[in-house]
Structure formats: structure tokens, C-alpha cells
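A structural walkthrough
Spelled out, the chains give:
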Amino acid sequence: MSKTAAPGAFCMNRIIVVLSGVVLVLAVAACGGGGPPSVPSDAVAVVGDTTISKSAWDQLIQQTKQNYEATNHTFPKAGSVELANLRSNATQFLISASEYEQEAAKMGIKVSDADVQARLDQIKQQFYASQTGGKPASKTQVEKRYQQALKQQGFTDEEVRKGIKITLYRERVQKKVTEGVTVSDNEVSSYYDKHKQQYETPAQPSSRDVRHILVKSKAKADKIYAQLQKNPKLFPKLAKKDSIDTSSAQAGGELPGGAVKGRLVKPFEKVAFSLKVHEISKPVHSQFGWHIIQAMGPVRPPQAAKPTPLSQVKEAIRQTLLQNKRNDATQKWEAKMIKGYCKNIGYQSGYAPAPGQDPCKKQSTTTSSTTG
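For every chain, the first residue of the written sequence is number 1, and numbering continues from 1 along that sequence. For this predicted model, a pLDDT threshold of at least 70 governs which residues receive local features, and a threshold of 80 or more governs which side-chain atom pairs are given and counted, while totals over whole chains, interfaces and linings are taken from all residues. Water and hydrogen atoms play no part in the side-chain values, which are based on all heavy atoms of the structure.

**Some words on the nonpolar core**
Our working rule: Side-chain atoms within 4.5 Å are what join buried Ala, Val, Leu, Ile, Met, Phe, Trp, Tyr and Cys residues into a set we call a nonpolar core. Relative accessibility decides the category of a residue: with a 1.4 Å probe and only protein chains considered, values under 20% of the type maximum give buried, values over 50% give exposed, and everything between is partly exposed. Only DSSP runs of H or I covering at least 4 residues are called helices, and only runs of E covering at least 2 are called strands; the numbering of each starts at the N terminus. Here, residues are in contact when the closest pair of their heavy atoms is within 4.5 Å.
Ranked by internal contacts, the top residues of the largest apolar core, which has 43 residues, are Ile52, Trp57, Ile95 and Ile164. Of all the elements in the fold, those that place two or more residues in this core are strand E3 (43-47), helix H1 (54-70), helix H2 (81-106), helix H3 (113-128), helix H4 (139-153), helix H5 (157-177), helix H11 (310-342) and strand E12 (345-347). Here this core takes 8 residues from H2, the largest share from any one element. Excluding anything up to four places from it in sequence, Ile52 contacts Ala43, Val44, Ala45, Val47, Leu94, Ile95 and Ser98. Judged by nonpolar contacts, the second largest core, of 13 residues, contains Val210, Leu255, Leu275 and Ala295.

See below:
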């Protein structure tokens, strides 16, 4: 009988919009600062040559309200710090999206409606096409599930498509920025040498294959033991019929994964590892009840930890290091990009960042990246 660990608890930070991998987070630190450009009356900000319209800002705030309502969250009250932060974050989100789109244009990067549709189709297949029994869902079923998810989150198809477009711009710009990043064999070897413990087969304690029958009373255990003394071949049949250990009963009493030292209750473990091969024990009492145990094979000796050869993990290490380098390159590029826009941003009255929250008036390394 194995010791059991309590299942882990999962904790997720609240985000404003989540729908099938499309993420629009109204907490993006774009560059701020009341720059030289004048701002039209129907705009909330100007970013270089691009205007952030009041209608786009209103739509984003309304979209957020709908999401709060659909997911049973209370929208921040008028005059609250929470609402002020949300309004400021909405502005910064749109500024950041504009910056990426402008940089994409400089790099010759485009995102078409067909690109957006292809990503949306991929999302639908990933999240809504599977169903029980292994039979794929029909196109109609997939679309119905997608529409239900939209309703549950409080979004429209158009809003999701806009989110996908923002995500694709970010992905393609970042891919362009990091396309020259490589990892050498020497870097891989050096990382492997410094982290060998991560790439080894853990030490294994002694183990053996056993089966058992678990019942609640000693009287019943004695009765079953007597039957087995007369006919040991009855063990699988009696396990299926009488054992209250559902994890092993249907397998004729065989413990899944066998008996492993250190993972069993002590009375069971002591007997399980002392039996001769094929020997059946007298009833053994534990906190779970009464066990009748049979050793099905010899005791396997403990195994020392074994290092995994570099050749087997080389490419996995390369991909890890490559992603780390790409992240670093993206952060440096983004910090430089944001700094470059700081002198070309202007805010409409009432939409500038609150004191102390303007990225352009903080450290020049302040960055944030949002990808779907």
C-alpha cells in the first residue's frame, strides 16, 4: 500500500482577457511621457505618427467591462485607484501595440486577415476540436464551442481577431529581432557540465513485483489465506472478488509499479521484502486493514543515479539556451525601442500616466512584453 501525497493547489494571476490562448493584458508598460506631439481632440494619445483614438480606447474599456461581468467580477468603482490604474493600463496597452505595429512596418512585416484566420483556426482546433471517445468534433461543433467560449468570457469574434493580430505582430517582430541568435556546441557543453544533476536518471530504491489482497477483518483474511494454502493459483481470482484495494484488485492484486522501498507502509514493506519468490504471507495488519501478500519476483537491488549522456540531451539544452538568448535579445531591443519612442508620445488631458507610473520617467531598462 503506497503512501499518498496531497494534490497540489494551483494559483493563477487574474488577467483582463483570456480566450483560448489569446491574451490581452491591460498592464503593458509602453513608453510614456508628455512628448512634443499635439493630440487631436478625438484621441487619447499620439505615438510617433500614429494616433490612439478615443473610440479605440472606449472599446477596450467596454470590452474589459463585459469580461468582468461575464466572469462574475466587480468592475472598479468610479474614482477608485483600481479604475485609474485600469484606465492608464488601457492607454499603455494601445500605445505598446502601436509601437510594435510601427516597428513591424519598418521591418517590412505585415499581418493579413488570412494570417489572423489561420491562427484562429489553429486555436479552435487546439481547444475545441477534441471530445471524449477520440472522435474529432465536427466543424459545426467546434464553432458552437468557440461561440460559447466567447459568451462566457464576454467577447466578440472581432475582439478576438484584434487580439490575435496584436499577438502576431509581436511574435513576428520578436522573431525578426532574434533571427541571428545562435548557440554554439561549446555553450551547450559548458551548460551540461554545470548542470549535470538535471540530466541524470535518479537513484532508484530496492523494488520487487508483488500482489496482495486487502480485506477489513482478520477473520476474512484468515479464511482467504487458508484457501490459498490449498490452491495458490486462486490468488488473482480471490483478489478480484474480495480485495478492497481497487487500484490493484482488477489486476489480480498486482501493485501498480510494484513494491518500492520507502513508499510503502512499514508493516506491508517489511513482509513484502522478506518473502521468498512466490511465497504467500500470513495476514499482515496495517492502517488500511489486513493484507495477504505474495512475492512474484526477486528483489531488485537499488540503483545509483546515472548521468544521461550529453548526446541524448544536447538538442534540448540548445533549445533552452536559444530561448534564453532570444528573450534577452528581445528585452534589450524592446528597452531601446521604448526609449526611442519616449520623445514622440503625447497624451490627451486626463490620459497621461499617474505620477511615478510613467515608464519614460523611470529607469531606461523598464520593459514589458505581452505575447499570446
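Next comes the rest of the write-up.
**Notes on the side chain of Thr330**
Secondary-structure assignment places Thr330 in helix H11. When residues no more than four places from it in sequence are discounted, the contact partners of Thr330 are Gln174 and Thr178.

**Some words on the pairing of E3**
Note the following rule: Strands qualify as paired when DSSP identifies two bridges or more between them.
Most of E3 is tucked away: 5 of the 5 residues are buried. Connecting E3 to the antiparallel partner strand E4 (residues 50-53) that follows it, the hairpin turn spans 2 residues, and Gly48 within it adopts a positive phi of roughly 60°. Here 3 bridges tie E3 to E12, and the two strands are oriented antiparallel to one another. Bridging from a neighbouring strand, Val47 pairs with Ile345 of E12.

**Some points on the sheet that holds E3**
We count it as follows: Helix axes are fitted to C-alpha atoms over the stretch in contact, other axes to C-alpha atoms as well, and angles between N-to-C directions run from 0 to 180 degrees.
Read across the open sheet, the 3 strands follow the order E4-E3-E12; overall the sheet is antiparallel. At either end of the open sheet lies a strand with only one pairing partner, and these are E4 and E12. Strand-to-strand, the axes of this sheet are offset by a mean angle of 15°, without reference to chain direction. Of the pairings in the sheet, the one linking E3 to E4 comprises 4 bridges and is antiparallel in character.

**Some remarks on the sheet that holds strand E7 (residues 210-215)**
With antiparallel pairing, 3 strands are arranged side by side in an open sheet as E7-E10-E9. Edge strands, defined here as strands with exactly one partner in the open sheet, are E7 and strand E9 (284-286). Between one strand axis and the next, the sheet turns through 35° on average, direction left out of account. In this sheet, strand E10 (residues 289-295) lies alongside E9 in antiparallel orientation, the contact comprising 3 bridges. Within E10, the position partnered with Ser286 by the bridge is Gly289. Sheet contacts for helix H8 (residues 235-242): E7 and E10; angle to E7, the most-contacted strand, approximately 40°.

**Observations concerning the pattern of salt bridges**
Working definition: two side chains of opposite charge can pair if their charged atoms are close together. The condition is simple: Each salt bridge in this description consists of a side-chain nitrogen of Lys or Arg and a carboxyl oxygen of Asp or Glu lying within 4 Å of one another.
Applying the stated rule across the entire model yields 17 salt bridges. One salt bridge in this structure joins Glu103 and Lys106, with 3.0 Å as the shortest N-O distance. Of this pair, Glu103 and Lys106 both sit in helix H2, 3 residues apart, which is roughly one turn of the helix. Relative accessible area serves as the criterion here: at 63%, Lys106 is assigned to the exposed category. Measuring nitrogen to oxygen at the nearest pair gives 3.8 Å for the salt bridge that ties Glu269 to Lys266.

**Remarks on the packing of aromatic side chains**
Counted only if it meets this: Note on aromatic pairs: the rings of Phe, Tyr and Trp (six-membered ring only in Trp) are paired at centre separations within 6.5 Å, and the planes decide the class, stacked below 30 degrees, edge-to-face beyond 60, tilted for the rest.
Under the counting rule described, the total for this entry stands at 6 aromatic pairs. Seen from their ring centres, Trp57 and Tyr351 are 5.1 Å apart, and the 85° between their planes marks the pair as edge-to-face. With Trp57 in helix H1 and Tyr351 in the segment after E12, this pair connects stretches of sequence that are 294 residues apart. For Trp57, a relative accessible area of 3% corresponds to the buried category. When its relative accessible area of 12% is taken as the criterion, Tyr351 is described as buried. Between the aromatic rings of Tyr68 and Phe75, the centroid separation amounts to 5.4 Å while the plane-to-plane angle is 80°, which identifies the pairing as edge-to-face.

**A short note on H8**
Under the convention used in this document: The directions considered for the arc run from the helix axis to the C-beta atoms.
Along H8, the residues that are buried comprise Phe235, Leu238, Ala239 and Asp242. Angular distribution of buried residues about the axis of H8 spans 105°; they occupy a single face of the element. Opposite the buried face of H8, at more than 90 degrees from it, the exposed residues are Lys237 and Lys241. Elements in contact with the buried residues of H8: E7, helix H7 (218-230), helix H9 (246-249) and E10.

**Focus on the confidence of the model for the chain**
Parts of the prediction with low pLDDT should not have their coordinates interpreted in detail. For clarity, the threshold we go by: Note: pLDDT gives the predictor's confidence per residue, expressed from 0 to 100.
Here the chain averages 86 in pLDDT, and 86% of its residues register 70 or above. Per-residue pLDDT stays below 50 along residues 2-36; that stretch engages in 102 contacts with residues further than four places along the chain or on separate chains. Overall, residues 363-372 carries pLDDT values under 50, and its contacts beyond four positions in sequence, including any with other chains, amount to 27 contacts.

**Comments concerning the pairing of E10**
Two faces belong to every sheet, and in a regular strand the side chains alternate between them. Of all 7 residues in E10, 7 are buried; the element is thus mostly enclosed. Alignment of E7 against E10, held across 6 bridges, turns out to be antiparallel. Within the sheet, the bridge partner assigned to Leu214 lies in E10 and is His291. Where E9 folds back on E10, the antiparallel hairpin that results is connected by 2 residues.

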